[in-house]
Amino acid sequence: MTTQGSLERDVWPALYKVRWGKHDLTPASFSHPAKVAKGLAFRIVEHAFECGWLSLGDTVLDPFGGIAGFALPLMVKGVNFVGVELEPKHAATGQANIALWKARYAGMPTLGDAGLLQGDSRTLRPWGRLEPSRGVEECVGSPPYA
């Protein structure tokens, strides 16, 4: 923890060195130009638990879902993931990653659920499909860069 003026901030070194491996994602995932770094995604989720922002069974929304990079760290912590991706190609890739992880980790007793919809996250409410019965506890994302 470092202090800058009256603002305290955590320093998380080397998170971009922890990369997605070829067995972590579907092959098409590696063509995404701005996927969230694996180390960063896992650390953000861990930090949310440390701060008490997330608990087992909560639901997190990612309005810039991409290849669903936040889904895996959330699912293995027992948190549900709802993502939205504008680009059909990347949405299909993210859906394939979620299917891969659901199959791979099916034996985990507290595995969270996940889903990724293709669409525009600026219009979440009109869809209706994105509103889990008990709501969304947190929002996380790696914003678009273009």
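In what follows, the structure referred to is the one given above.
Parameters and conventions
Residues numbered from 1 in each chain as written. Predicted model: local features only at pLDDT ≥ 70, side-chain atom pairs only at ≥ 80, totals over all residues. Heavy atoms only, no water. Helix = DSSP H or I, 4+ residues; strand = E, 2+ residues; numbered from the N terminus. Contact = heavy atoms within 4.5 Å. Areas by Shrake-Rupley, 256 points an atom, 1.4 Å probe, with all protein chains shown as cover. Salt bridge = Lys/Arg side-chain N within 4 Å of Asp/Glu carboxyl O. Buried < 20%, exposed > 50% of the residue type's maximum accessible area, 1.4 Å probe, protein only. Pairing = 2+ DSSP bridges. Axes fitted to C-alpha atoms, helices over the stretch in contact; angles between N-to-C directions.

With that out of the way, let us pick up the overall build of the protein chain. Looking only at helices and strands, one finds four helices and six strands in the protein chain. Reading the helices (α) and strands (β) of the protein chain from amino to carboxyl end gives β-β-α-β-α-β-α-β-α-β. Summarising the internal contacts of the protein chain: among those between residues at least 6 apart in sequence, 65% fall at separations of at least 24. In the structure as shown, the protein chain presents an accessible area of about 8300 Å², 57% of it carried by carbon and sulfur atoms.

Moving on, we get to the pattern of salt bridges. Applying the stated criterion to the full structure yields five salt bridges. Across the pair Glu-46 and Lys-77 runs a salt bridge whose closest N-O atoms are separated by 3.3 Å. Here the residue Glu-46 occupies a position in helix α1 (residues 38-50), and Lys-77 occupies one in the loop between α2 (71-76) and β4 (80-85), the gap between them amounting to 31 residues. A salt bridge links Asp-113 to Lys-102; the nearest nitrogen and oxygen atoms lie 3.0 Å apart. Of this pair, Asp-113 sits in the loop between α3 (88-104) and β5 (114-118) while Lys-102 sits in helix α3; the two residues are 11 residues apart in sequence, bridging distant segments of the chain. For Asp-113, a relative accessible area of 43% corresponds to the partly exposed category.

Turning our eyes to something else, we now look at unusual backbone geometry. If you check the backbone angles, Ala-14 has positive phi at about 65 degrees while not being a glycine. For Ala-14, the location among the structural elements is in the loop between β2 (7-9) and α1. Phi is positive for Ala-68, close to 70 degrees, though the residue is something other than glycine. Mapped onto the secondary structure, Ala-68 falls in the loop between β3 (59-62) and α2.

Right, let's get into the sheet that holds β4. In spatial order, the strands read β5-β4-β3-β6; together these four strands make up an open sheet with parallel pairing. The two strands at the open ends of the sheet, each matched to only one other strand, are β5 and β6 (138-139). Two elements, β3 and β6, share two bridges in a ladder whose sense is parallel. Within the sheet, the bridge partner assigned to Leu-61 lies in β6 and is Cys-139. α3 rests against β4 and β5 of the sheet, and its axis sits at about 165 degrees to β5.

All we've got here are geometric facts, nothing functional implied.
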